[in-house]
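What the coordinates show
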Amino acid sequence: EEGWPPSHSRNLAFYGTTVVKGNATAVVFFIGDSTFLGKIASSIQSARSKSTLEIQIEHFVHLIAVVAIIVGVASLIATSVSGHDLGEIISTSVGALFAQVPEGLIPTVTISLMIASQKMSDRNVLVRKLDAVETLGCVSVVCSDKTGTLTKGDMTLREMVYFAKPGSMSTDTDFAKTNPKDDVGLGSKMLRAAVRNNATVVQGPGNYTGSPTEVALMKAGVEAWGEAGAKEVMGTDTLYEIPFDSANKYMFVAEPAPDGGQIFSLKGAPERVLKFCKYVYVGTGAKASVQPMTPEMLDAISAGAKGLMKTARRVLGIAEKRANFPADYDWDKATGDHAKANFLPDMVFIGLFGIQDPPKAGVKEAVEDCHDAGVNVIMITGDHPDTGTAIAKEISIIAEGDDKLPFTIITDKELADKVPSGDTFVDDGSEEALRLEAFWTQVVVHARVFARVTPIHKQLIVQALQKWGGKRPDGKVYGDIVAMTGDGVNDAPALKQANVGVAMGIRGTEVAKDAADIILLDDEFSSIVLGIEQGRLSSENLQKSIAYTLCSKVPQCIPNFMELVGVPLALNITQVLAIDIGTDIWTAIAYAWQPKESALMARLPRHPLVEKIVNSGVLIYAYGYMGMMQMACCWLAFFFLAPGMIANVGKGSYTPEEALINTTASTLYYYTLVVGQIAAAMATTTNAESLLKYMAPNMKLNICIVFEIAFAAAVIYVPSFQGVFKTTGLTTTQMLAPWGTFIIILICEEVRKSAVRSKQAPVAAPDGLKAGLLAS
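Residues numbered from 1 in each chain as written. Predicted model: local features only at pLDDT ≥ 70, side-chain atom pairs only at ≥ 80, totals over all residues. Heavy atoms only, no water.

**Focus on the overall build of the protein chain**
The helix and strand inventory of the protein chain stands at 29 helices and 19 strands. Taken over the C-alpha trace, the protein chain has a radius of gyration of 35 Å; the compact-globule value for 776 residues is 28 Å, which it surpasses by more than 25%. Its C-alpha atoms give the protein chain principal-axis dimensions of about 125 × 55 × 50 Å. Taking all contacts inside the protein chain whose residues are at least 6 apart in sequence as the whole, residues at least 24 apart take part in 72%. Approximately 33600 Å² of the protein chain is accessible, and the part contributed by carbon and sulfur atoms is 60%. Averaged over its 67 positive side-chain charges, the protein chain has a centre that lies 3 Å from the centre of its 80 negative ones. (Helix = DSSP H or I, 4+ residues; strand = E, 2+ residues; numbered from the N terminus. Rg over C-alpha atoms; globule rule 2.2 N^0.38 Å. Contact = heavy atoms within 4.5 Å. Areas by Shrake-Rupley, 256 points an atom, 1.4 Å probe, with all protein chains shown as cover. Lys, Arg positive; Asp, Glu negative; His and termini not counted. Charge placed at Lys NZ, Arg CZ, Asp CG, Glu CD.)

Right under this line is the structure:
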């Protein structure tokens, strides 16, 4: 029909469809990218938006470029006024400019992400896009499939519920007493109809293929009757079949009856099966036991289904009926609409199956870890809301009693008219836009389970979370950072839409894996929590590395301006380069291996639009706090550890003895700054945790600190280095006194961190440096 979506048509086969039975003649009218599968593949190949890490690095580069240019120009003016020659003016100004750039930034970022990726690889997590690790650390919502991710995906038939007597339903858990040839016992009739499916094939003892639900029914038949008995039931010819899909939520099979005619069987979601049921078996499966379906019976069936669902069972209803179509009836010409009108009505309800799919070990703890870290977990399932809710309660996605709150459980019925008419949500002020906004602004805050939804809804859920989630206490909405799991071809657009797409390695299709940023090779949800931790650690170590590098910038550039008031140059350009390139760059890179602080997963997720990696807190800490302490100590060493230095201030020329005093003072300034950077390296390893508790676990950083001391000693005492860096040897007192800087800085830091810890809430602020400095 004109205007009818092709995806809803009954006579189209999509590219990539596998034909498992029968034959047909088809006309190809779309190929390649024009097919539905091709359109999905094309959509995921489009250029993706910038990752949170790219946004952060770009912000920092622009910031530091402005700072570097300002310092470079100011240094140019200062050295020009001081009367230096042209070559010295240029070299000093250029050196001052480049000294503001953290040279270890790029290798630190890369190595941090590589280390995180390696740790995740050890837990069967394949990182396809390196910067996705850092994005995962910013995630505020994880949308996860239920089956196979939160649950084992290894389903087992536990109960069969049917009307053993009028007025009440009985539960049968002893499947061994059933017989595939018994056409009277309700248990036997139910299990035989359940095993009769073409989606599951027995491949050998304990090996099955097919959907988890079908496999559960097949395993029950094999355990009750043996493999031969189950295969005998499966071997019956199929006259007509409607396979299960997410839209119908049922499966229909027509097969020949042993005594002539046909047997129709229907199994699927109870509410879908009951729509076609006019009768019900009571007591036995004999024809004489068929009774008309009454409202009381419907209530009993509904209560039985809800009872199973509340124990986290996946519930299937099953029904059958006898038919007498002619022997020469052309079943191949029967359409889906014809089957609904002529095959499915007036079915006889048999009973309910209760199938258990227990949560995976460790999932409950992983969900609770997410909650402790300020990350919401949302379950997306095709199961009944009651089943999804029961599992969600069991694994702590929903707190006890919260399932009664509005918008906590969202079903496909509620989403039916909440889908935008276009590809995405718009803000055009229309009636539709306002209606959708009113609904989704509540959903993104309160929803914890989406039930009976299809893969098509997944992208919509991600878009809504990214648009209306992430509301801050001040009322501003920045959008959630979303991680989405998926395994099917239809999940690919949602995986691409999410900030972090997570594909399943075992159940996932190649299209889904290609669209994803991360692949869970073992389909374990707990691996996502590991990724969040590693992402936070990567961004925190990057922040610490940058803060450490910036600490020395103030004491490096101030000496140029002190020349304007007659103070001899305290730190020359070669000494600056000795600090930046000779030692600091390696120490900055070593932060990539820094272990986590104990409170890392007790903080709220950092939103990249709100809390930058390099923000005002980091700049205050580096320039206005640590840098000022270092500079004060450097000037103290410069003026008071070099006898006669104060007398040289204001002189235009110097005698050889006075020049030696200047060189000694400059060496002391350089050496004190090196010691100050060692103190900064130790201090910035933690944001709030005491070093007395944290200690020095990063051996690579410890080696770099030892190297800094050795290199500084070489600069001071090796004659060839003295000529290059314009240094001179120091006395024992002059070498030991600057270590007072180390003690002063660490004491100040311990006091600051103690104040931070005493003021921290149970869930700490996301930005440790900024919050820590402001709190103290």
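**A word on the sheet that holds strand S18 (residues 500–504)**
What the 8 strands build is an open sheet, ordered S1-S19-S18-S17-S2-S14-S16-S15; its pairing is mixed. If you trace the sheet from one side to the other, it starts and ends with strand S1 (125–127) and strand S15 (409–411), each paired once. Neighbour to neighbour, the strand axes of the sheet diverge by 20° on average, direction disregarded. Direction of pairing for S15 relative to strand S16 (residues 449–451): parallel, over a ladder of 3 bridges. What sits directly across from Ile409, in S16, is Val449. (Pairing = 2+ DSSP bridges. Axes fitted to C-alpha atoms, helices over the stretch in contact; angles between N-to-C directions.)

**Here we look at a nonpolar patch on the surface**
On the surface, a cluster of nonpolar side chains totalling about 570 Å² of accessible area is made up of Ile69, Val73, Ile77, Val81, Leu564 and Val565. Inspection of the secondary structure puts Val73 in helix H2 (residues 52–81). (Patch = residues over 30% accessible without salt bridge, like charges linked within 9 Å, V, L, I, M, F, W, Y side chains within 5 Å. Salt bridge = Lys/Arg side-chain N within 4 Å of Asp/Glu carboxyl O.)

**Quick look at the nonpolar core**
Generally speaking, soluble globular proteins have nonpolar side chains that are buried together. Within the largest apolar cluster, 111 residues are counted, with the highest numbers of intra-cluster contacts made by Ile397, Phe525, Met626, Phe638 and Tyr670. With residues up to four places along the chain from it excluded, the contact list for Phe525 reads Val142, Ser144, Thr149, Leu150, Val363, Ala366, Val367, Cys370 and Val377. If you look at the next biggest cluster of nonpolar residues, it comprises 34 residues, including Val280, Met309, Ala334 and Leu352. (Core = buried A, V, L, I, M, F, W, Y, C linked by side-chain atoms within 4.5 Å. Buried < 20%, exposed > 50% of the residue type's maximum accessible area, 1.4 Å probe, protein only.)

**Section: the packing of helix H22 (residues 616–640) against helix H28 (residues 739–759)**
Put simply, H22 and H28 touch, their axes get as near as 9 Å, and they point 145° apart. The two elements H22 and H28 meet at a crossing, and its hand is right-handed. Here H22 contributes Tyr621, Tyr625, Met626, Met629, Gln630 and Cys633 to the contact with H28, which in turn contributes Thr741, Ile744, Ile745, Cys748, Glu749 and Arg752. (Left-handed = near helix turned anticlockwise from the far one by under 90°.)

**Quick notes on unusual backbone geometry**
For Ser396, which is not glycine, the phi dihedral falls at a positive 75°. Note on placement: Ser396 falls in the loop between helix H13 (385–394) and S15. What makes Ser396 buried here is its relative accessible area of 17%. One non-glycine residue, Asp523, lies in the positive phi region at around 60°.

**Remarks on the pairing of strand S14 (residues 376–380)**
Consecutive residues of a regular strand have side chains that alternate between opposite faces of the sheet. The element S14 is extensively covered by neighbouring structure, given that 4 of its 5 residues are classed as buried. Strand direction decides the pairing type here: S14 and S16, joined by 2 bridges, are parallel. Its bridge partner being in S16, Met379 is matched across the sheet by Val449.

**A word on H2**
Here H2 spans 44 Å end to end across 30 residues, near enough to the 44 Å set by a 1.5 Å rise per residue. All of the buried residues in H2 are Thr52, Leu53, Gln56, Ile57, Phe60, Ile64, Ala68, Val71, Gly72, Ser75, Ala78 and Thr79. Looking one or two residues past H2, Gly83 carries a phi angle of roughly 85°, positive in sign. (Expected span 1.5 Å × (residues − 1).)

Shape descriptors only; they carry no functional weight alone.
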